[in-house]
Structures are given as C-alpha cells and as structure tokens.
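One-letter residues, chain by chain:
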Amino acid sequence: MSGGLISTLRSSNPTLPSETVTLCFEDVCGCSTTDNKTTSMFAEVGKVEGVLRNLGVVVEGSVLEACQVGDLIYTPALVSLLQAGVADAGKRVFALIIVDVQNDFISGSLAVNEGAMVVPVINTLLPHFTHVYKTADWHPANHISFHPNVASGLYPTSPRSKIEGKGAKMFETVVVQGPPELNQTLWPIHCVQGSEGAKFHKQLKEVNNETRIDKGMNPQVDSYSAFWDNGDTSHTPLYSLLVKQGVTDVVVCGLATDYCVGFTALDAARHGFRTLLVEDAIRGVAEATIKPMLARCQAAGVEFVSSKDIPGIVKSGGETEPAKLSSETEARILRVMKYFSANNRTQ
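Everything in this summary refers to the structure shown in the same document.

Quick notes on the rules
Residues numbered from 1 in each chain as written. Predicted model: local features only at pLDDT ≥ 70, side-chain atom pairs only at ≥ 80, totals over all residues. Heavy atoms only, no water. Helix = DSSP H or I, 4+ residues; strand = E, 2+ residues; numbered from the N terminus. Buried < 20%, exposed > 50% of the residue type's maximum accessible area, 1.4 Å probe, protein only. Contact = heavy atoms within 4.5 Å. Areas by Shrake-Rupley, 256 points an atom, 1.4 Å probe, with all protein chains shown as cover. Core = buried A, V, L, I, M, F, W, Y, C linked by side-chain atoms within 4.5 Å. 1 Å grid on protein atoms, 1.4 Å probe; cavity = no way out; pocket = protein on both sides within 12 Å on 5 of 7 lines; lining within 4 Å. Points joined across faces, edges and corners; volume = space filled by probe spheres on them. Nonpolar A, V, L, I, M, F, W, Y, C, P; charged D, E, K, R; others polar. Pairing = 2+ DSSP bridges. Salt bridge = Lys/Arg side-chain N within 4 Å of Asp/Glu carboxyl O. Axes fitted to C-alpha atoms, helices over the stretch in contact; angles between N-to-C directions.

**Points about the overall build of the protein**
Part 1: The secondary structure content of the protein amounts to 12 helices and 8 strands.
Part 2: Per-residue burial for the protein yields a buried fraction of 52% across its 347 residues.
Part 3: Considering only residue pairs separated by 6 or more positions, the protein has 73% of its internal contacts joining residues 24 or more positions apart.
Part 4: Surface summary for the protein: the accessible area is close to 15600 Å², and the carbon and sulfur share equals 51%.

Dropping the structure here:
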C-alpha cells in the first residue's frame, strides 16, 4: 500500500486537475465507501477493475498494489490502465482454476468424502482451456492451521477466543492471537511441503499450459483462497497472472467446496472476474459448511454450471454481456486517459 501516493502526486504536480486523481468508487461503481476497512476497499476496487476490464481496458497491474483507503483509487497502475485505451470490449478469455487436488485431500489425513470423483471430471475440462492454474496447499511443518501446533502452545490464542488453544480439539475453531488476530480451524497435519500428501493426485492429468500456484506458506496465517491469505495480508501471483493474460472469466473446481474452492470463487468474483463453479467437479468437507458457502457464492454472483456446459460456454465466449458504465462515468475515464496521454505521464 502507498498511503501517501495521492499527496505526493499533488505536491509534485500542482497543476494536476483534482478530478484526474479522484475517480471515486461511488462514481465508478455506484458504491459508497464510508467503511474504510481494508477488506471493503479490496471488494470495491475489485468491482472497479472488473468494470474497466469489461470495457476492454488492457490491465498491466493490479490497482490493489498501490491504493489508498478511502474513496480515491488513483494509482500508477490505474493510470497505466487508462492510458492503454479501450480495446475489444466483447472478447472473453477463460481460465481454469483447479483447487488443491492433492493426495491428503483425497486419501490422506484430511480426505474429503468422494474427493477422488472430481479427478476424472476435471480431466475432461482441461482440453478446453488455454490457461490452466493448479493451486496447492504448501504448508511448512510449523503451520498455524495444524492442531498439534496450537494445542502445544506454539501459537497462543487470543483472550477473545472461547476455546483455549491448549485445550482445543481437532476441527474446533479458536481465535489466534496473531498478528493478525483471526479465527482458525484446527486441522490435522496436511500438505506439508515436500510430502507425499502434498503431491497432486497421480490421476490428475498434466498439461503444457498449466501454472502452479502455491499457497499457505506463511506459518502464521492460513490461506484458503488461491488469491489471498485468510487475513488479506498477502497475495499469491494468481491475480496478476490472470490480468496479464487478459482473462475475463474463471472456472473453478477442486477441493474442498466449503473452504479453498469457495473462498477462491469468492475472491475471483470480488476481483471482477465472471466466476463459474463446476458443481460436479467439486466436493466438500461437511454439509453444514457446504450449504452456507454455496449461498455466499451465489450472493456474490458466482454462476453454477455442469462440466457438460463448459465446452459450449468457452466456445461461445460466454453468454453474458460485458458490464457497462454510465455514459457520464465513461466520459470521465476517457478525459483522464486523454489528460495523461497529452502530458505523457506514467505516474
């Protein structure tokens, strides 16, 4: 984050019209940002990025990389977006995100019921995608999500935690002291770096166009999503890679529905991607947590599809129209583009 970015730009460029650096969330996506919580900011910036992408603006970097909490979203990355111009707004580019199809989630310490059944379904999806991402839990042995590490006192629990770490049972949820202070479900040891359990399932096919995304490597913070850790304190390269490849639509599958799959889909949606969840290519841990997660995904705009639908959806380029801005807001964006182009500014 670069909290002083706006003031620095204004002091170094006193003639810079204020409107060129105040593209407000409310103007761009009709959302108020009176709540300055970081997670709220990420969600609103994600909507803006999605709208810009659907306008056809070529994205060279994430607005999230240098934004200021509040109603200002001006950053060098955003200027780069605006300078790039409006391209083919109707083009849809698809990516397949295969979440955590690893041995420990199929036949190991944290096996998901019917987890192996997703593998042949996912294999049928692979030929339809130019961009394929395989995510993997890749935990150090001292990871905070492992029950023995919290039960032994390695990671103290917060005074707010209803359950003390040393007395906690497997699968219970405590509040770890942090920082950051977060709810943490206590899992069996799983997907330890370099272990057999961390390997992808042997029947999951490899393709030349796949990219591996490791997550959960910070011992002090768990990471369900393939984009962000559970505290939104750090991110994987996934978002930047999708943006560089011009991806507009992501198709999510894998394990487990109520945790890593669900949070990956939610983050994809909040970053502005059209997000499709393949119902017959996912399995979850427990019905009690699967249903609420699917409800959250639906509320976030995630679409539910069958693997049989995917070939037609990808071939047709998607059935939904790109999101559109009001003519007034689009004109404002174009004015910003024109200003920076005329003044040859890159920051």
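**Comments concerning the nonpolar core**
Part 1: Leu96, Ile98, Phe227, Leu242 and Val250 are the most contacted members of the largest nonpolar core, which totals 60 residues.
Part 2: The dominant element in this core, judged by the number of residues it contributes, is helix H9 (residues 257–270), at 7 residues.
Part 3: Ile144, Tyr155, Val174 and Leu186 belong to the second-largest nonpolar core, a separate cluster that totals 7 residues.

**Observations concerning empty space enclosed by the protein**
One way to see where empty space is left: roll a probe the size of a water molecule over the atoms.
Part 1: Overall, the coordinates contain 2 cavities of 30 Å³ or more when judged by the stated rule.
Part 2: The calculated volume of the largest cavity comes to roughly 130 Å³.
Part 3: For the largest cavity, the lining is made up of 14 residues, of which Phe105, Leu110, Trp187, Tyr259 and Cys260 are closest to its centre.
Part 4: A per-class count over the lining of the largest cavity returns 10 nonpolar, 2 polar and 2 charged.

**So, the side chain of Ser161**
Part 1: As for its position among the elements, Ser161 is in the loop between helix H7 (147–151) and strand S3 (173–176).
Part 2: Beyond its immediate sequence surroundings of up to four residues, Ser161 is in contact with Val174 and Val175.

**Considering the side chain of Ser223**
Part 1: Residue placement: Ser223 occurs in the loop between strand S5 (210–215) and helix H8 (238–244).
Part 2: Judged by its relative accessible area of 8%, Ser223 is buried.
Part 3: Look past the residues within four positions of Ser223 in its chain and what remains in contact with it is Asp137, Lys215, Gly216, Trp228, Asp229, Asn230 and Cys260.

**Digging into the pairing of strand S1 (residues 94–99)**
Part 1: With 6 of its 6 residues buried, S1 lies for the most part within the structure.
Part 2: Pairing analysis gives 6 bridges linking S1 to strand S6 (residues 249–255), with the strands arranged parallel. Among the inter-strand pairings, Ile98 is bridged to a residue of S6, identified as Cys253.
Part 3: Across 5 bridges, the pairing between S1 and strand S2 (residues 131–137) is parallel. Note on S2: the bridge partner recorded for Val99 is Thr135.

**Focus on the pattern of salt bridges**
Part 1: Evaluation of the coordinates by the stated rule reveals 12 salt bridges.
Part 2: Among the ionic pairs, Glu114 bridges to Arg283, the shortest N-O distance being 3.1 Å. Pair noted here: Glu114 is in the loop between helix H5 (103–106) and helix H6 (118–125) and Arg283 is in strand S7 (residues 274–283), with a separation of 169 residues, a long-range link.
Part 3: Overall, the relative accessible area of 42% leaves Glu114 in the partly exposed class.
Part 4: Under the relative-accessibility criterion, Arg283 is labelled buried at 17%.
Part 5: Across the pair Glu210 and Lys134 runs a salt bridge whose closest N-O atoms are separated by 2.9 Å. Here the residue Glu210 occupies a position in strand S5, and Lys134 occupies one in strand S2, the gap between them amounting to 76 residues.
Part 6: Glu210 sits in the partly exposed class, given a relative accessible area of 25%.
Part 7: With a relative accessible area of 2%, Lys134 lands in the buried category.
Part 8: Residues joined in a network through salt bridges with shared partners are Arg92, Asp249, Arg274 and Glu303.

**Re the sheet that holds S5**
Part 1: Pairing in this open sheet of 6 strands is parallel, and the strands run S5-S2-S1-S6-S7-S8 from one edge to the other. Because the sheet does not close on itself, it has two edges, and the strands there are S5 and strand S8 (303–305). With strand direction ignored, the average angle separating the axes of adjacent strands in the sheet is 25°.
Part 2: Here 6 bridges tie S2 to S5, and the two strands are oriented parallel to one another. The residue bridging Val132 from the neighbouring strand is Glu210, located in S5.
Part 3: On the sheet, H6 packs against S1, S6 and S7 and is oriented at approximately 140° with respect to S7.
Part 4: Contacting S1, S2, S5, S6 and S7, H9 crosses the sheet at an angle of about 170° to S6.

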